[in-house]
Each structure stands twice: as C-alpha cells, then as structure tokens.
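# Breakdown of the fold
Chain residues, written in single-letter form:
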Amino acid sequence: SQANVAGGAMAALDQPTSRLSRSGNMSAEDCYKALDEEDKVLRQGLTKQSNLATASALVGSCPDMCPEKERYRRQYQRILSIFEMTADGSGEADHSRCVKEYSRSSADKEEEFPHEVRPASTLLMTMKYLCLHVMDAGDGRWADWYDFLWNRMRAIRKDITVQHLSSPGAVELVERCTRFHVFTAHYLCELDMM
C-alpha cells in the first residue's frame, strides 16, 4: 500500500548517510571543506573517459535525497530552502529533509562522482517525499513552494539524464514531474507570485 511505501521511504530518510567520521562538533563549513578535500583526492586518481564508443554511463550511488557535501555547503553558505531547515528556526539544515538542488551543467564544472548522483531507487524515494511531505506545505508561500519543487524535480530529471535511465521507474518519475507542471500551470496561473 502507499502508506507502507511512504513509511519505508521516511524510515530511510531518518538517518542520512555520512562519509565523515565526525569527531567532536564540526561546523557545517568544516564538514564541507573536509568532504571537498576528500573529493579532490579522489579526482586526482581518476582518468577522464575520452572515447565515447567505450565510455560507460555513470551509475549513481548516493543513498540520500541530497549528497552530504551539498547539504553542508548549502548550510554553511546559508542557501537552504525553508522546506529543508529544522523546525526550531535556527537556520540549520534538517539533513533528513534536504533535497538535491538543480545545478546547470557547464564546461567549467567537474563531472559528478557516483556518490553525488542518486540511483533510480533514491530518485523514487525523493519524489515520494516531495509528493507526500512538501506538496501539502505551500499554504501562503506559493512562490517558495513552487520554486522549491520545480528546482528539485529538475534535479531529479538531471540525475535520470546523467545516468541514461530508461526504466519504467524513470518514466514514472518524469510522469510525476509532468503532472506537477500541468497542475501548477492550471492552479497557479492567476496567482500573483511577487
């Protein structure tokens, strides 16, 4: 049933994974910098695939709705959405509510690591979280609500594209994104978003 699936998805969200062995009380900035250094070391050992005929598609391995490094970066840069903060108003990230933000691909950006890309199962879990817990939370904040959902669904579609996913689950995710856009185009078309 849908309740069991949602319960399972939320149980998985309660404890986001961590690549850090947090000793003491590290700040979000310190956590981000430690993870960034770890990624720099990993990147040095990689060779870039240059032959498209033999290149393989990236296979994501991020088990969380948002990669750990991004959660800490956005907390320390204070660019979290209101839908990702703790309820106490401190401005801290609620790591179980953070969802990967869309970022445009460009020539000056490094290729994403597998631990930064969500596999199909995590994308489905993320979409279920958005549908069950964020879509009902827009009252009075329609511009923030729409921007958040639009951005996070675009990030889902990007992860699908980067991995060349074409499974029934990927099609279901794109269908849900489409339904969201049709719904909001109809119901929010006359709303003053400013």
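This text goes with the structure placed above it.
Throughout what follows, the structure given in this document is the object of discussion. (Residues numbered from 1 in each chain as written. Predicted model: local features only at pLDDT ≥ 70, side-chain atom pairs only at ≥ 80, totals over all residues. Heavy atoms only, no water.)

The next thing to look at is the packing of helix H4 (residues 120-134) against helix H5 (residues 142-162). Put simply, H4 and H5 touch, their axes get as near as 10 Å, and they point 165 degrees apart. As summarised for this structure, H4 and H5 are arranged roughly antiparallel, according to the angle between their axes. Crossing angle aside, the handedness with which H4 passes H5 is left-handed. Residues Leu123, Thr126, Met127, Leu130 and Val134 of H4 touch H5, and the partners they reach there are Trp145, Phe148, Leu149, Arg152, Met153, Ile156, Asp159 and Ile160. (Axes fitted to C-alpha atoms, helices over the stretch in contact; angles between N-to-C directions. Helix = DSSP H or I, 4+ residues; strand = E, 2+ residues; numbered from the N terminus. Parallel < 35°, antiparallel > 145°, perpendicular 65-115°, else oblique. Left-handed = near helix turned anticlockwise from the far one by under 90°. Contact = heavy atoms within 4.5 Å.)

To continue, consider the nonpolar core. With 20 residues, the main nonpolar core has Leu130, Val134, Trp145, Phe148, Leu149 and Ile156 as its most contacted residues. Sorting the residues of this core by element identifies H4, H5 and helix H6 (168-187) as the ones contributing at least two each. The contact partners of Trp145, leaving out residues within four places of it in the chain, are Phe83, Val134, Met135, Ala137, Gly138, Phe180, Thr184 and Leu188. Residues Leu20, Ala28, Tyr32 and Leu35 belong to the second largest nonpolar core, which totals six residues. (Core = buried A, V, L, I, M, F, W, Y, C linked by side-chain atoms within 4.5 Å. Buried < 20%, exposed > 50% of the residue type's maximum accessible area, 1.4 Å probe, protein only.)

Below, the discussion takes up unusual backbone geometry. Although it is not a glycine, Arg78 adopts a positive phi angle of roughly 55 degrees. Mapped onto the fold, Arg78 is located in the loop between helix H3 (68-76) and H4. For His164, which is not glycine, the phi torsion reads 60 degrees and is therefore positive. Relative to the helices and strands, His164 is located in the loop between H5 and H6. For His164, a relative accessible area of 59% corresponds to the exposed category.

The next point concerns the pattern of salt bridges. Per the stated rule, a full pass over the model turns up 15 salt bridges. Among the salt bridges present, the one from Arg74 reaches Glu84, with a minimum N-O distance of 2.2 Å. With a gap of 10 residues between them, Arg74 in helix H3 and Glu84 in the loop between H3 and H4 connect regions that are remote in the sequence. The same class applies to Arg74 and to Glu84, which are both buried. Its salt-bridge partner being Glu84, residue Arg152 comes within 3.1 Å of it at the nearest N-O pair. With a gap of 68 residues between them, Arg152 in helix H5 and Glu84 in the loop between H3 and H4 connect regions that are remote in the sequence. Of the two residues examined, Arg152 and Glu84, each falls in the buried class. When salt bridges that share partners are traced, they join Asp36, Glu37, Asp39, Lys40 and Lys69 into one network. (Salt bridge = Lys/Arg side-chain N within 4 Å of Asp/Glu carboxyl O.)

Tracing the backbone shows Asp64 in the loop between helix H2 (28-44) and H3. Note on Asp64: relative accessible area 7%, which makes it buried. Only 3.3 Å separates the side chain of Asp64 from the side chain of Arg71, close enough to count as a polar contact. (Polar contact = N/O pair within 3.5 Å; in protein donor to acceptor, adjacent residues only side chain to side chain.)

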